[in-house]
Amino acid sequence: MRLLAIETSCDETSAAVVSGDSRAPRLESLVILSQDIHAVFGGVVPEIASREHLTAIVPVTRQALAEARIAARDVDAIAVTHAPGLVGALLVGVSYAKALGAALGKPVIGVHHMEGHLFATALEHADATPPFTALLVSGGHTLLLDVAAWGEYRLLGQTRDDAAGEAFDKVAKLLGLPYPGGKHIERVARDGDPTRFRFPRPMLNRGQQEGDADYYDVSFSGLKTAVLHAVRASDDIERDRAHIARGFQDALVETLVAKTHRAARAHGRAKIVLGGGVACNGALVAAMRAAGPGGEVFAPSVRLATDNAAMIGAAGLFRMEAGAHNDPALNAFSGRPIPGLVDATVSVR
Ligand code: KG4
Ligand code: ZN
């Protein structure tokens, strides 16, 4: 099986060729064009994102095919992100994939963006396969999942307000750092003194027990407000920036690590798989590993952690195996649950 995969859900235009099967997906090529223009506005402007995708989609796809040394007619199917994301941005990828599929007589299948993030690590680590506990932390989502098998996802916890990446981006803005701010916070925090600012660990306390509504959920808006107060109270932000960044990152990381290990313990999982842009954060990955015991931690490389079409291709291989077929009515949706997702109250097995 050889798939052409396309991703246009937010501000990356990406195409990839993947081959093999979902147990051993192989990356043949990957092209990612990041729309840097949004940095000027301090956030993604949906209208601009759509127009940039429109300009980039054809050359990006051609480049991915060229790097894989194949022609479009040689792929078996086309996988495209169809939810969730910015609808106008998604529509560019979906429309292009459908047109290409119709012209070539190839099936086109829709892939859920977050299922893609779940598969990203499997492209680099042969053992990053279910069963595992997954923490997906991106700009739009924070999901703690128990993954019994590919396609069997139990939602344990999520954010009550801001996504983890969103919290990084908003705090970066408060500290006068560029957008997207996650990597800048990480860089600046390296020089920060962890004892200077101690912020609250949101929704994390020892008295919590499994079954409590907040046992696995997270919330970052209070933490963001605490940072805002610290910034306002500072009489020298140049001096305090690194310390505040460090205090914020430590609070967020400690919360995510504690909740993820709770989930792995409760479900007897020996593996933890990270995904999404915030999984680029070295402090998060290191803390997740240090928090043992047990539980091997798998994290994707930076290229595969942030939005890319390779992960959509890997998830697409699985969806093809699971019986997905060409859907001429395929559409784009801003929000949609991951297929196979059940609530924590429902037993998957
Ligand atoms: O998964 P992603 O590329 O896009 C979405 O699907 O949202 O995630 C983007 C998010 C942004 O919020 C960005 O600030 C964050 O990932 N991010 C990081 C780091 N690199 C990217 N957050 C913390 N530390 C990083 N090194
Ligand atoms: Zn993403």
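Residue positions within a chain follow its written sequence, with the count starting from 1. Here the convention is simple: chains get letters from A, ligands get numbers from 1, in the order in which they are written. Per-residue local features are limited, in this predicted model, to residues with pLDDT of at least 70; the limit for side-chain atom pairs, both in listing and counting, is 80 or more; totals at the level of whole chains, interfaces and linings are taken over all residues. Side-chain measures here rest on the full set of heavy atoms in the structure, leaving out hydrogens and waters.

Novice: For this particular structure, what's the right way to read the overall build of the protein?
Specialist: Labels follow the DSSP assignment, with helices taken as runs of H or I lasting at least four residues and strands as runs of E lasting at least two, numbered in each case from the N terminus. Scanning the protein from terminus to terminus reveals ten helices and eleven strands. Our radius of gyration looks at C-alpha atoms and nothing else; its globule reference is 2.2 Å times the residue count to the power 0.38. Computed over C-alpha atoms, the radius of gyration of the protein comes to 20 Å, within 12% of the 20 Å expected from 2.2 N^0.38 for 349 residues, which places it in the range of a compact globule. Referenced to the eigenvectors of the C-alpha coordinate spread, the extents of the protein come out at roughly 60 × 45 × 30 Å. For the exposure calls, accessible area comes from a 1.4 Å probe over protein chains only, and a residue counts as buried if that area is under 20% of its type's maximum, exposed if over 50%, partly exposed in between. A buried classification covers 54% of the 349 residues belonging to the protein. Contacts are residue-level and defined by heavy atoms, with any inter-residue pair within 4.5 Å sufficient. Taking the contacts inside the protein whose residues are at least 6 apart along the sequence as the reference set, 74% of them involve residues at least 24 apart. Only the protein chains shown count as cover for residues, and the accessible areas themselves come from Shrake-Rupley with a 1.4 Å probe. Of the roughly 14,500 Å² that the protein leaves accessible, carbon and sulfur atoms contribute 52%. All tallies of charge rest on Lys and Arg as positive and Asp and Glu as negative; His and the ends of each chain are not included. To locate a charge, take atom NZ for lysine, CZ for arginine, CG for aspartate or CD for glutamate. Side chains of the protein give 35 positive and 38 negative charges; the mean places of these two sets differ by 1 Å.

Novice: Would you explain the nonpolar core in this entry?
Specialist: Among the buried residues, those of types Ala, Val, Leu, Ile, Met, Phe, Trp, Tyr and Cys that are joined through side-chain atoms within 4.5 Å form a nonpolar core. Counting 46 residues, the largest nonpolar core has I185, F199, F248, L256 and L274 as the members making the most contacts within it. Contributing elements (two or more residues each) for this core: strand 6 (132–137), helix 4 (164–174), helix 5 (182–189), helix 6 (221–233), helix 7 (237–266), strand 9 (271–275) and helix 8 (282–290). At eleven residues, helix 7 tops the list of elements feeding residues into this core. Once residues lying within four places of it in the same chain are set aside, the contact partners of I185 are F168, V171, A172, L175, L177, A245, F248 and Q249. Within the second largest apolar cluster, 38 residues are counted, among which are L3, F119, L145 and M311.

Novice: What is the right way to read the packing of helix 1 (residues 46–67) against helix 2 (residues 87–104) from this model?
Specialist: Angle between the axes and distance between the axes: these two values describe a pair of packed helices. Geometry is summarised by axes, namely lines fitted to C-alpha atoms with helices restricted to the contacting stretch, and by angles between N-to-C directions that run from 0 to 180 degrees. Interhelical geometry of helix 1 versus helix 2 gives an angle of 30° and a closest axis separation of 9 Å. When the interaxial angle is binned, helix 1 and helix 2 end up roughly parallel. Considering how the two elements wind past one another, helix 1 and helix 2 form a crossing that is right-handed. Where helix 1 approaches helix 2, its residues S50, H53, L54, I57, V58 and T61 are matched on the opposing element by G88, A89, V92 and Y96. Residues that form the contact of helix 1 with helix 2 fall into these classes: six nonpolar, four polar and no charged. Note on angle classes: values under 35 degrees are labelled roughly parallel, values over 145 roughly antiparallel, values of 65 to 115 roughly perpendicular, and the remainder oblique. A crossing counts as left-handed when the near helix is turned anticlockwise from the far one by less than a right angle, and as right-handed when that turn is clockwise. Each residue is assigned to one class: nonpolar for Ala, Val, Leu, Ile, Met, Phe, Trp, Tyr, Cys and Pro, charged for Asp, Glu, Lys and Arg, and polar for all the others, Gly among them.

Novice: Any chance you could explain the sheet that holds strand 9 here in plain terms?
Specialist: Hydrogen bonds between backbone groups are what pair the strands of a sheet, and the pairing can be parallel or antiparallel. Any two strands with at least two DSSP-identified bridges between them are counted as paired. In spatial order, the strands read 10-9-6-7-8-11; together these six strands make up an open sheet with mixed pairing. In the strand order of this sheet, the two ends are held by strand 10 (296–298) and strand 11 (341–343), each with one partner. With direction set aside, neighbouring strand axes in the sheet form an average angle of 30°. As defined by bridge partners, strand 9 adjoins strand 10 across three bridges and the pair is classed as parallel. Directly across from K271, in strand 10, lies its bridge partner E296. Its contacts with the sheet place helix 3 (residues 113–120) against strand 6, strand 7 (142–149), strand 8 (152–158) and strand 9, and it is angled at close to 120° to strand 6. Helix 7 rests against strand 6, strand 7, strand 8 and strand 9 of the sheet, and its axis sits at about 155° to strand 6.

Novice: Would you mind going over empty space enclosed by the protein with me for this structure?
Specialist: Empty space left among the atoms is revealed by rolling a probe the size of a water molecule over them. Method remark: on a 1 Å grid restricted to protein atoms, a set of points is classed as a cavity if a 1.4 Å probe fits but cannot get out and as a pocket if it is open with protein on both sides within 12 Å along at least five of seven lines; lining residues have an atom within 4 Å of a point. Grid points are joined across faces, edges and corners, and a volume is the space filled by probe spheres set on the points. In the structure shown here, the tally under the stated rule is one cavity of 30 Å³ or more. Estimates place the volume of the largest cavity at around 50 Å³. The wall of the largest cavity is formed by L135, T142, L143, L144, G157, Q158, Y216, V218, L256, K259 and T260. Elements with a contribution of two residues or more to the lining of the largest cavity: strand 7, strand 8 and helix 7. Tallied by class, residues from the lining of the largest cavity come to six nonpolar, four polar and one charged.

No statement about biological role is implied by the geometric values presented.
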